[in-house]
Amino acid sequence: MAKPVSTQVPQLIVHTASGLHITPQGRADADVEVRLWRSGWTSAGDKTRQWIFLPVPGQQYTYRIKNAQYERYLTLETPAPGTRVTYLHSNSTDQSLWKLFFPDSAQADFVIASVLDTELVISPKEGAQEPEVTLEVEKFGPYTDQFWRTREPRSS
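Residues numbered from 1 in each chain as written. Predicted model: local features only at pLDDT ≥ 70, side-chain atom pairs only at ≥ 80, totals over all residues. Heavy atoms only, no water.

J.: What exactly am I supposed to notice about the pattern of salt bridges here?
T.: Opposite charge on two side chains permits pairing when their charged atoms draw close. Scanning the model with the defined rule gives ten salt bridges in all. Note that Asp109 is salt-bridged to Arg149, the shortest N-O span being 2.4 Å. Highlighted residues: Asp109 in the loop between strand S8 (98–101) and strand S9 (111–114) and Arg149 in strand S12 (residues 148–151), separated in sequence by 40 residues. The exposure class assigned to Asp109 is buried, which follows from its relative accessible area of 12%. Residue Asp117 pairs with Lys139 through a salt bridge whose shortest N-O separation is 3.6 Å. (Salt bridge = Lys/Arg side-chain N within 4 Å of Asp/Glu carboxyl O. Helix = DSSP H or I, 4+ residues; strand = E, 2+ residues; numbered from the N terminus. Buried < 20%, exposed > 50% of the residue type's maximum accessible area, 1.4 Å probe, protein only.)

J.: Can you walk me through the nonpolar core in this structure?
T.: Among soluble globular proteins, nonpolar side chains are generally buried collectively. One finds Ile22, Ile65, Leu74, Trp98, Ile112, Ile122 and Trp148 to be the most contacted residues of the largest nonpolar core, which totals 26 residues. Of all the secondary-structure elements, those providing two or more residues to this core are strand S3 (32–37), strand S4 (51–55), strand S5 (62–67), S8, strand S10 (117–124) and strand S11 (133–139). (Core = buried A, V, L, I, M, F, W, Y, C linked by side-chain atoms within 4.5 Å.)

J.: Sorry if this is basic, but what is going on with the side chain of Thr75 here?
T.: One can find Thr75 in strand S6 (residues 73–75). The buried category is assigned to Thr75, whose relative accessible area is 0%. A distance of 2.9 Å separates the side chain of Thr75 from the backbone oxygen of Tyr73, its partner in a polar contact. Beyond its immediate sequence surroundings of up to four residues, Thr75 is in contact with Arg84, Val85, Thr86, Leu88, Ser90, Gln95, Ser96 and Trp98. (Polar contact = N/O pair within 3.5 Å; in protein donor to acceptor, adjacent residues only side chain to side chain. Contact = heavy atoms within 4.5 Å.)

J.: Would you mind showing me how to read the packing of aromatic side chains here?
T.: The geometry of an aromatic ring pair comes down to the distance between the two centres and the angle between the two planes. On inspection of all chains with the given rule, the structure shows four aromatic pairs. A ring pair is formed by Phe53 and Tyr63, whose centres lie 5.5 Å apart and whose planes are at 85°; its orientation type is edge-to-face. Of this pair, Phe53 sits in strand S4 while Tyr63 sits in strand S5, and the two are ten residues apart along the sequence. The same class applies to Phe53 as to Tyr63, namely buried. Clustering of aromatic rings is evident, with ring pairs tying together Tyr61, Phe102 and Phe110. (Phe/Tyr/Trp six-rings, centres within 6.5 Å; stacked < 30°, edge-to-face > 60°.)

Next up, the structure:
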């Protein structure tokens with residue numbers, strides 16, 4: 001049985017393979033891409049790195065993923081491999097809907113797929129070497145860099 005994500009408490013979305021968190025570029029209230037970023041142990045004070053999973057009624061494991069600081073949502077503007085995931089105000093279109101899949105029901109890890117094409121899942125840009133890694137979508141496959149988990153922010 002898949003472990004549901006918390007919809008009551010803002011969460012960090014943690015990349016399973018690297019331990020980095022999904023974070024808006026520059027932590028800005030602007031139309032920017034989202035990236036992987038490592039921060040210190042304490043994370044409760046920085047809401048820009050925290051996300052709220054808003055369930056879509058009648059659709060199991062389907063969410064709008066809203067930033068806890070700003071009225072912005074994870075968004076996929078074009079359903080094509082290599083498209084960057086952005087952070088926009090669009091909360092009423094299918095571009096900001098994401099479905100969680102639990103390929104191994106014994107694990108807490110999940111993949112985050114666009115409802116525009118559920119074969120497209122969020123993953124770090126392949127071959128990226130920057131301190132912050134851009135997130136994009138790619139076809140789902142047996143790759144460990146496509147897996148995520150959530151955890152509550154820590155204060156100390």
